[in-house]
Amino acid sequence: MARVLLVEDDDAIRTSLSKALTAVGHVVTAVSGGAEGVAGVARERPEVVLLDLGLPDLDGRDVLAMVRAVSDVPVIVATARDDDASVVKLLDAGADDYVIKPYSSAQIDARIRAVLRRLGTDQQDVTVDVGPLKIDPRSREVTLDGNPVDLTRKEFDLLLALSRRPGAVVSKRELLAEVWGLPWGGGDRTVDVHLSWLRRKLGETAAAPRLLHSVRGVGVKLAILDS
């Protein structure tokens, strides 16, 4: 299964969740504070982090930012707030998925497996070539016309999602679900903003696209060009 780092300050929840996840095959390292969690990411090299936002020493959102500064490890956030604005902020800040309190160990296990499927090694190990664009999921490196392109984590994930379906129009809803783990509407602005940043780094604009073409009212596609 997975190497899991659990960051949870509640002793009862930490103990019971650790036991439940271990029982289904995960290897769990559990800590009670944010500082321990950040150190644990570097020390344990987990495959998934479960992060509770209500920590005693650091704000969970600050812990998320610190983890994102040093690692691309998938992070599943536990939060008591389920309004769209709060969830979108968490996902934009680098969370890969979230659960609303109270939750069950079965739900957490399902979320872990879903995150790992989205980042599955069967797809991650394959370099994607779309004309002059080359994307290496293993190193998370992108080149365009042989020149490196420096992308943020979400920009890379967005480009990779589109590259899996070259020439096909992908809806914003599909992108929200695949890249941000947000399987409902209402977050189109999130996709639009990241597309704008991605276009800028690829040397194009919405008015003069080369690779990223928007289809009004439908979605966006990665054009297939000759190398």
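Above this text sits the structure in question.
A brief report on the enclosed structure follows. (Residues numbered from 1 in each chain as written. Predicted model: local features only at pLDDT ≥ 70, side-chain atom pairs only at ≥ 80, totals over all residues. Heavy atoms only, no water.)

**Details of the sheet that holds strand S12 (residues 219–222)**
Reasoning step 1: The 3 strands lie next to each other as S10-S12-S11, forming an open sheet whose pairing is antiparallel. One side of each edge strand has no neighbouring strand; the edge strands of this open sheet are strand S10 (170–171) and strand S11 (212–215).
Reasoning step 2: Pairing geometry for S11 and S12, over 4 bridges, is antiparallel. Bridge pairing in S12 links Val-215 to Gly-219.
Reasoning step 3: Contacts between helix H7 (residues 153–163) and the sheet are confined to S10, S11 and S12, with S12 contributing the most and set at about 75 degrees to the helix. (Pairing = 2+ DSSP bridges. Helix = DSSP H or I, 4+ residues; strand = E, 2+ residues; numbered from the N terminus. Contact = heavy atoms within 4.5 Å. Axes fitted to C-alpha atoms, helices over the stretch in contact; angles between N-to-C directions.)

**Quick look at the side chain of Glu-204**
Reasoning step 1: With respect to the helices, strands and loops of the structure, Glu-204 is situated in the loop between helix H9 (188–201) and S11.
Reasoning step 2: Buried within the structure, Glu-204 lacks any salt-bridge partner; Arg-199 is the closest side chain of opposite charge, at an N-O distance of 4.3 Å.
Reasoning step 3: Reaching out from Glu-204, the side chain makes a polar contact with the backbone nitrogen of Arg-210 at a distance of 3.4 Å.
Reasoning step 4: A polar contact is formed between the side chain of Glu-204 and the backbone nitrogen of Leu-212, at a distance of 3.0 Å. (Buried < 20%, exposed > 50% of the residue type's maximum accessible area, 1.4 Å probe, protein only. Lys, Arg positive; Asp, Glu negative; His and termini not counted. Salt bridge = Lys/Arg side-chain N within 4 Å of Asp/Glu carboxyl O. Polar contact = N/O pair within 3.5 Å; in protein donor to acceptor, adjacent residues only side chain to side chain.)

**So, a negative patch on the surface**
Reasoning step 1: On the surface, Asp-9, Asp-10, Glu-36 and Asp-57 cluster together to form a negatively charged patch.
Reasoning step 2: Residue Asp-10 is classed as partly exposed on the basis of its relative accessible area, which comes to 34%. (Patch = residues over 30% accessible without salt bridge, like charges linked within 9 Å, V, L, I, M, F, W, Y side chains within 5 Å. Areas by Shrake-Rupley, 256 points an atom, 1.4 Å probe, with all protein chains shown as cover. Charge placed at Lys NZ, Arg CZ, Asp CG, Glu CD.)

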